[in-house]
Amino acid sequence: MTKEVLVHITGLHLEAGKDVSENNETETIEVVVPGNYYLKNGKKYILYEEIEEDGRITKNQVKVFEDGHVEIRKSGVLNTQMIFETGKRNQSNYQTPFGVLPVTLDTRVIDVTESEQKFCVEIDYSLEVQEKPVSDCRIEICITER
């Protein structure tokens, strides 16, 4: 059964190797969009769309596996398949309108919490682009019923 949900996305990016106390420049993103949630074959799916200022759309699929690893797929303006596994480095290509960037995701922590009213996935990872450290990141994706 598919549930209509609100998807709350919070992302934080810190310059690689720094922390907030070092007057580090941070980039925080907060978005709330409508989406859908369903369970299939033991995996939890969150589906939502991001709409650019020019009206172009990127479709997002977040898949949370029983063992706790997470896969995020984007298709549209941006295209990628990112895999997050605690303690592992995974490589991906991030296709943008300006070209393809090879990225490496080094996942430190994945925290999945669930209650009757809310389901959340928090991922703490470092991001490398073309084998160079770019930022330390934290993304939290939470859903609540509409």
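All of the points below concern the structure found in this document. For clarity, every value in this text was computed on a predicted model and none was experimentally measured.

Conventions and cut-offs
- Residues numbered from 1 in each chain as written.
- Predicted model: local features only at pLDDT ≥ 70, side-chain atom pairs only at ≥ 80, totals over all residues.
- Heavy atoms only, no water.
- Helix = DSSP H or I, 4+ residues; strand = E, 2+ residues; numbered from the N terminus.
- Buried < 20%, exposed > 50% of the residue type's maximum accessible area, 1.4 Å probe, protein only.
- Contact = heavy atoms within 4.5 Å.
- Phe/Tyr/Trp six-rings, centres within 6.5 Å; stacked < 30°, edge-to-face > 60°.
- Disulfide = S-S within 2.5 Å.
- Salt bridge = Lys/Arg side-chain N within 4 Å of Asp/Glu carboxyl O.
- Pairing = 2+ DSSP bridges.

### A closer look at the side chain of S126
Here is step 1 of the chain: Here S126 is to be found in strand β9 (residues 118–129).
Here is step 2 of the chain: On the accessibility criterion, S126 (13% relative accessible area) is buried.
Here is step 3 of the chain: Once residues lying within four places of it in the same chain are set aside, the contact partners of S126 are T104, L105, D106, R108, S135 and D136.

### Observations concerning unusual backbone geometry
Here is step 1 of the chain: Even without glycine at this site, N41 takes up a positive phi of about 50 degrees.
Here is step 2 of the chain: With respect to the element layout, N41 can be found in the loop between β2 (26–40) and β3 (43–51).
Here is step 3 of the chain: The phi angle at E131 is positive, at roughly 65 degrees, despite the residue not being glycine.
Here is step 4 of the chain: Among the secondary structure elements, E131 is positioned in the loop between β9 and β10 (132–145).
Here is step 5 of the chain: What makes E131 exposed here is its relative accessible area of 70%.

### Some remarks on the packing of aromatic side chains
Any aromatic ring pair is given by two values, namely how distant the centres are and how the planes are angled relative to each other.
Here is step 1 of the chain: This model, assessed by the stated rule, comprises three aromatic pairs.
Here is step 2 of the chain: Arranged with centres 4.7 Å apart and planes meeting at 10 degrees, the rings of Y38 and Y45 form a pair that is stacked. The burial state of Y38 is the same as that of Y45; both residues are buried.

### Section: the state of the cysteines
Here is step 1 of the chain: One pass over the structure, following the stated rule, counts one disulfide.
Here is step 2 of the chain: Note that C120 is cross-linked by a disulfide to C142, the S-S spacing being 2.1 Å. Here the disulfide of C120 and C142 is right-handed, its torsion about the S-S bond being about 115 degrees. Placement of C120 in strand β9 and of C142 in strand β10 is noted, with a sequence separation of 22 residues between them.
Here is step 3 of the chain: Under the relative-accessibility criterion, C120 is labelled buried at 7%.
Here is step 4 of the chain: The class for C142 is buried, based on a relative accessible area of 4%.

### Concerning the pattern of salt bridges
Here is step 1 of the chain: Applying the stated rule across the entire model yields 13 salt bridges.
Here is step 2 of the chain: We note a salt bridge from K3 to E145, for which the minimum N-O separation is 4.0 Å. Here E145 lies in strand β10 and K3 lies in strand β1 (residues 3–15), a separation of 142 residues in the sequence.
Here is step 3 of the chain: Here K63 ties to E71 by a salt bridge, and the two come within 3.8 Å at their closest N and O atoms. Of the two residues, K63 and E71, both sit in the buried class.
Here is step 4 of the chain: Among the ionic contacts, a cluster of salt bridges with common partners joins R108, E122, D124, D136 and R138.

### Overview of the pairing of strand β7 (residues 89–96)
Here is step 1 of the chain: Here β7 shows one buried face, formed by N90, S92, Y94 and T96, and one open face, formed by R89, Q91, N93 and Q95.
Here is step 2 of the chain: Across eight bridges, β7 lies against strand β8 (residues 99–114) in antiparallel orientation. Residue pairing for β8: N90 is matched across the bridge by L105.
Here is step 3 of the chain: Between the end of β7 and the start of β8, which pair antiparallel, lie two residues.

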